[in-house]
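Reading the structure
Spelled out, the chains give:
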Amino acid sequence: MLLTNAQMEAASNLRSAYEDLDKADRALKGLPYSLVRKNIGRYSYLYEMTDRNGNGRSLGPWSEQAENELEDYRRTKIELKCQKAAARSNLERASRMYRRAGLPLLENRVGEFFRRMEDRRIFDHDAKIVGRYSTFATRLADYLLPSLPFDLKIELAWRQMAGSIFSRAVADALRSIDPSFIVYSSYPLKARSSSGLELEILPWQGLDWVSPTTTIAVCWDGRLAPISAATMPEED
């Protein structure tokens, strides 16, 4: 069933607003923690600070070039903060529009797991969602009315590594998300968390069969979750 015009607009606006916020956030994180002019004795230096405790490194003696670099940094940081604030406001409106349009809401525990996968950039490098949640993401991206699983079972394709290294790498990544995850089978890997999430994980045999689709869903608690899904092409 096709989404209504209102639902199409809501899904599109939510995805665009989320991408804008993510872009601004990544750009901000790509900047140095802080640049300052630091006086040491009779001399001044441009310093890159790495934390709020005053740790940092000198980028060289103070000069006209250093002054311009500091001004560019401050201007860029202000612009990105404004972009992030505007994107966050747009995202809040888009989220309310999504809920009013009657689109499916994601279970909170599943959404939290997807957010933590995204925060650690595991979706970028190591894993993609397959199976039922992949179908949900693909249908929503294609403006078809999707349905959501009623249980807490999630299927993942994970970048393959040699032998037992694969199992250890997956287990370490899952426990960085939630220390309660227990891996209890070898192939396919299966894992369970104390919150009831059940994962089935298969090795990701290269990138050639993966066609990624990323969409955004709203959870029952109002928070957002990215669904970074992969689909296998149909066999001839």
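Computed from a predicted model, the values in this text were never measured in an experiment. (Residues numbered from 1 in each chain as written. Predicted model: local features only at pLDDT ≥ 70, side-chain atom pairs only at ≥ 80, totals over all residues. Heavy atoms only, no water.)

**Concerning the overall build of the protein**
Our working rule: Strands here mean DSSP runs of E at least two residues long; helices mean DSSP runs of H or I at least four residues long; both are numbered from the N terminus. The classification of residues rests on relative accessible area computed with a 1.4 Å probe and restricted to protein chains. Under 20% of the type maximum is buried, over 50% is exposed, and intermediate values are partly exposed. Should any heavy atoms of two residues lie within 4.5 Å, those residues are considered in contact. Residue burial considers only the protein chains on display, and all accessible areas are found by Shrake-Rupley using a 1.4 Å probe.
Counting its secondary structure elements, the protein contains six helices and 10 strands. Once the C-alpha set of the protein is aligned to its principal axes, its extents read approximately 70 × 50 × 40 Å. With 236 residues in all, the protein has 39% of them scored as buried. Within the protein, contacts between residues separated by at least 24 positions form 62% of all contacts whose residues are at least 6 apart in sequence. Total accessible area computed for the protein in this model is approximately 13,700 Å², and 50% of it derives from carbon and sulfur atoms.

**A short note on the packing of aromatic side chains**
Convention followed: Aromatic pairing here means that ring centres of Phe, Tyr or Trp (its six-membered ring) are within 6.5 Å. Orientation follows from the plane angle: under 30 degrees is stacked, over 60 is edge-to-face, and everything else is tilted. Comment: the charge-over-ring label is applied if NZ (Lys) or CZ (Arg) is within 6 Å of the ring centre and within 35 degrees of the ring normal.
Tallying each qualifying case throughout the model produces four aromatic pairs. One aromatic cluster is present, formed by Phe113, Phe114, Phe123, Tyr133 and Phe181 through successive ring pairs. Seen from the ring of Tyr47, Lys38 lies directly overhead, with NZ or CZ sitting 4.6 Å from the centre.

**A closer look at helix 3 (residues 108-119)**
Threshold: Expected span of a helix, by definition, is 1.5 Å for each gap between consecutive residues, and there is one gap fewer than residues. Throughout this description, a polar contact denotes any pair of N or O atoms lying within 3.5 Å of each other; where both atoms belong to protein, one of them has to be capable of donating a hydrogen while the other can accept it, and for residues adjacent in sequence the pair is counted only when both atoms sit in side chains.
Look at helix 3: 16 Å from first C-alpha to last across 12 residues, which is about the 16 Å you get at 1.5 Å a residue. Every buried residue of helix 3 is listed here: Val110, Gly111, Phe113, Phe114, Arg115, Met117 and Glu118. Where helix 3 starts, the residue carrying a side-chain oxygen 2.6 Å from the main-chain nitrogen of Arg109 turns out to be Glu107. The first or second residue beyond helix 3 is Arg121, which carries a positive phi of 60°.

**Description of the environment of Ala6**
Summarising the element assignment, Ala6 is placed in helix 1 (residues 5-30). Overall, the relative accessible area of 44% leaves Ala6 in the partly exposed class. Setting aside chain neighbours within four positions, we find Ala6 in contact with Met97 and Ala101.

**Some details on the pairing of strand 5 (residues 153-159)**
How we decide: Note on pairing: DSSP must find at least two bridges between two strands before they are called paired.
Judged from the four bridges that link them, strand 4 (residues 127-130) and strand 5 form a sheet pairing that is antiparallel. Counted as the bridge partner of Lys128 is Ala157 from strand 5. Sheet topology places strand 5 next to strand 8 (residues 198-204); seven bridges connect them, and they run parallel. Within strand 8, the residue paired with Glu155 across the bridge is Glu200.

**A short note on the pairing of strand 1 (residues 34-40)**
Judged from the seven bridges that link them, strand 1 and strand 2 (residues 43-49) form a sheet pairing that is antiparallel. Across the sheet, residue Arg37 finds its bridge partner in strand 2, namely Leu46. Counted between consecutive antiparallel strands, the loop separating strand 1 from strand 2 contains two residues, among which Gly41 sits at a positive phi close to 65°.

**Notes on the nonpolar core**
Where a protein is soluble and globular, its nonpolar side chains tend to be buried together. Where we set the bar: Buried Ala, Val, Leu, Ile, Met, Phe, Trp, Tyr and Cys residues form a nonpolar core when they are joined through side-chain atoms within 4.5 Å.
Within the largest apolar cluster, 51 residues are counted, with the highest numbers of intra-cluster contacts made by Leu106, Phe113, Phe114 and Trp158. When residues of this core are assigned to their parent elements, the largest contribution, six residues, is made by helix 1. In contact with Leu106, not counting residues within four places along its chain, are Gly111, Phe114, Tyr133, Leu148, Ala217, Val218, Cys219, Trp220, Ala225 and Ile227. Membership of the second largest hydrophobic core comes to five residues, among which are Leu35, Leu46, Leu70 and Tyr73.

**A word on the sheet that holds strand 3 (residues 56-61)**
Just so we agree on the cut-off: Lines fitted to C-alpha atoms define the axes here, with helix axes fitted over just the stretch in contact, and angles between the N-to-C directions of these axes take values from 0 to 180 degrees.
The strand order 1-2-3 describes an open sheet built from three strands, whose pairing is antiparallel. What marks the edges here is a single partner per strand, and that holds for strand 1 and strand 3. When the angles between neighbouring strand axes are averaged without regard to direction, this sheet yields 35°. Lying over the sheet, helix 2 (residues 64-100) contacts strand 1, strand 2 and strand 3, oriented at roughly 145° with respect to strand 1.

**A word on the pattern of salt bridges**
Where we set the bar: Think of a salt bridge as a Lys or Arg side-chain nitrogen and an Asp or Glu carboxyl oxygen that are within 4 Å of each other.
Under the definition given, this model contains 16 salt bridges. For the salt bridge of Arg75 with Asp72, the shortest nitrogen-to-oxygen distance reads 2.3 Å. Taken as a pair, Arg75 and Asp72 lie in helix 2 at a separation of three residues, close to a single helical turn.

**Some thoughts on the side chain of Ser193**
Within the secondary structure, Ser193 is located in the loop between strand 7 (189-192) and strand 8. Within the structure, the side chain of Ser193 is placed 2.9 Å from the side chain of Ser195, a separation counted as a polar contact. Non-local contacts of Ser193, meaning those with residues more than four positions away in its chain, are made with Asp178, Ser180 and Phe181.

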